Amino acid sequence: MKLEELERDYRSERRQLEAQEDELIHFKNQGLRLMEQEEQRLHHVLKNLALDNEPLFQARRSYSNYQEHYQQALQVERRKLYQQQDELERSYRQKIRRNTIKTPNVNRSLFRIS
């Protein structure tokens, strides 16, 4: 495989992984925003209905747990993505090394006298 092809393939795969990372960030922000909005709605409803603040505290604890689980799930996905990016980088560098090592040998053989 030529160096130009290796680079093109690498850049293409890298762009795909970066797009996945952008999506992950978007989902993180959107999810946190939605949880915050729902927590505010629940606060408004419980404030008017509850005799004391205990239901509100329980709801906040539940939302906090949901947020923590959501953050952990996103973190796992982010780690997977970073591992894929690292593996892509290692593979790309390894292929370039192999290609670079092969090229000088081919050139030398052209200049050998039989």
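Remember, it's a predicted structure, so these values are computed and weren't measured experimentally. Starting afresh in each chain, residues are numbered from 1 along the sequence in its written order. Only residues with pLDDT of at least 70 get local features here, since the model is predicted, and only at 80 or more are side-chain atom pairs given and counted; chain-wide, interface and lining totals rely on the full set of residues. Processing note: side-chain calculations cover all non-hydrogen atoms of the structure and skip hydrogens and water entirely.

### Digging into a positive patch on the surface
Argument step 1. Surface patches are drawn from residues lacking salt bridges whose relative accessible area is over 30%; two like charges belong together within 9 Å, two nonpolar side chains (Val, Leu, Ile, Met, Phe, Trp, Tyr) within 5 Å. We get accessible surface area from the Shrake-Rupley algorithm with a probe of 1.4 Å; when it comes to residues, only the shown protein chains can shield them. Salt bridge, as used here, is a side-chain nitrogen of Lys or Arg placed within 4 Å of a carboxyl oxygen of Asp or Glu. In this charge count, Lys and Arg are treated as positive and Asp and Glu as negative; neither His nor the chain ends contribute. Note on charges: their place is set at NZ of Lys, CZ of Arg, CG of Asp or CD of Glu. A grouping of K95, R97, R98 and K102 is seen on the molecular surface, where their side chains present a positively charged patch.
Argument step 2. Buried means the residue's accessible area, taken with a 1.4 Å probe over protein chains only, is under 20% of the maximum for its type, while exposed means over 50%, and partly exposed covers the values in between. Assessed through its relative accessible area of 40%, K95 is described here as partly exposed.

### As for the nonpolar core
One recurring pattern in soluble globular proteins is that nonpolar side chains are buried together.
Argument step 1. Among buried residues, the Ala, Val, Leu, Ile, Met, Phe, Trp, Tyr and Cys ones that are joined through side-chain atoms within 4.5 Å form a nonpolar core. Counting residues in hydrophobic clusters, the biggest one holds eight residues: L6, Y10, L17, L24, L74, L81, L88 and Y92.
Argument step 2. Helical segments are the DSSP runs of H or I of at least four residues, strand segments are the runs of E of at least two, and each set is numbered from the N terminus. For this core, the elements supplying multiple residues, two or more each, are α1 (3–49) and α2 (54–110).
Argument step 3. The residues touching L74, leaving out its near neighbours within four places in the chain, are L24 and K28. Two residues form a contact once any of their heavy atoms are found within 4.5 Å.

### Thoughts on the packing of aromatic side chains
Aromatic ring pairs are described here by two measures, namely the spacing of the ring centres and the angle between the planes.
Argument step 1. In this analysis, rings of Phe, Tyr and Trp, with Trp reduced to its six-membered ring, are considered paired at centre separations within 6.5 Å, and the interplanar angle assigns stacked below 30 degrees, edge-to-face beyond 60, and tilted for intermediate values. The final tally for this structure, using the stated rule, is two aromatic pairs.
Argument step 2. Ring geometry for Y10 versus Y92: centroids 4.1 Å apart, planes at 15°, classification stacked. You can see Y10 sitting in helix α1 and its partner Y92 sitting in helix α2, a full 82 residues away along the chain.
Argument step 3. Judged by relative accessible area, Y10 falls into the buried class, the value being 15%.
Argument step 4. Considering the side-chain rings of Y63 and Y66, the 6.4 Å spacing of their centres and the 90° angle between planes classify their relative orientation as edge-to-face. In this pair, Y63 and Y66 are both assigned in helix α2, three residues apart and thus about one turn of the helix distant.

### Comments concerning the pattern of salt bridges
Argument step 1. According to the stated counting rule, one finds nine salt bridges in the structure shown.
Argument step 2. With its nearest N and O atoms 3.3 Å apart, the salt bridge here joins R14 to E18. With R14 and E18 both in helix α1 and four residues apart, the pair spans about one turn of that helix.
Argument step 3. For E18, a relative accessible area of 34% puts it in the partly exposed group.
Argument step 4. A salt bridge links E87 to R90; the shortest N-O distance between them is 3.2 Å. You can see E87 and its partner R90 sitting in helix α2, three residues apart, about one turn around the helix.
Argument step 5. E87 gets classed as partly exposed once you look at its relative accessible area, which sits at 44%.

### As for the side chain of E21
Argument step 1. Relative to the helices and strands, E21 resides in helix α1.
Argument step 2. Here E21 is buried and forms no salt bridge, its nearest opposite-charge partner R78 lying at an N-O distance of 5.3 Å.
Argument step 3. Side chain to side chain, E21 and Q85 meet in a polar contact 3.5 Å long.
Argument step 4. Not counting residues up to four positions away in its chain, the partners in contact with E21 are L81, Y82 and Q85. Pairs of N or O atoms within 3.5 Å make up the polar contacts considered here, provided that, within protein, one atom can donate a hydrogen while the other can accept it, and that residues adjacent in sequence are counted only when both atoms are side-chain atoms.

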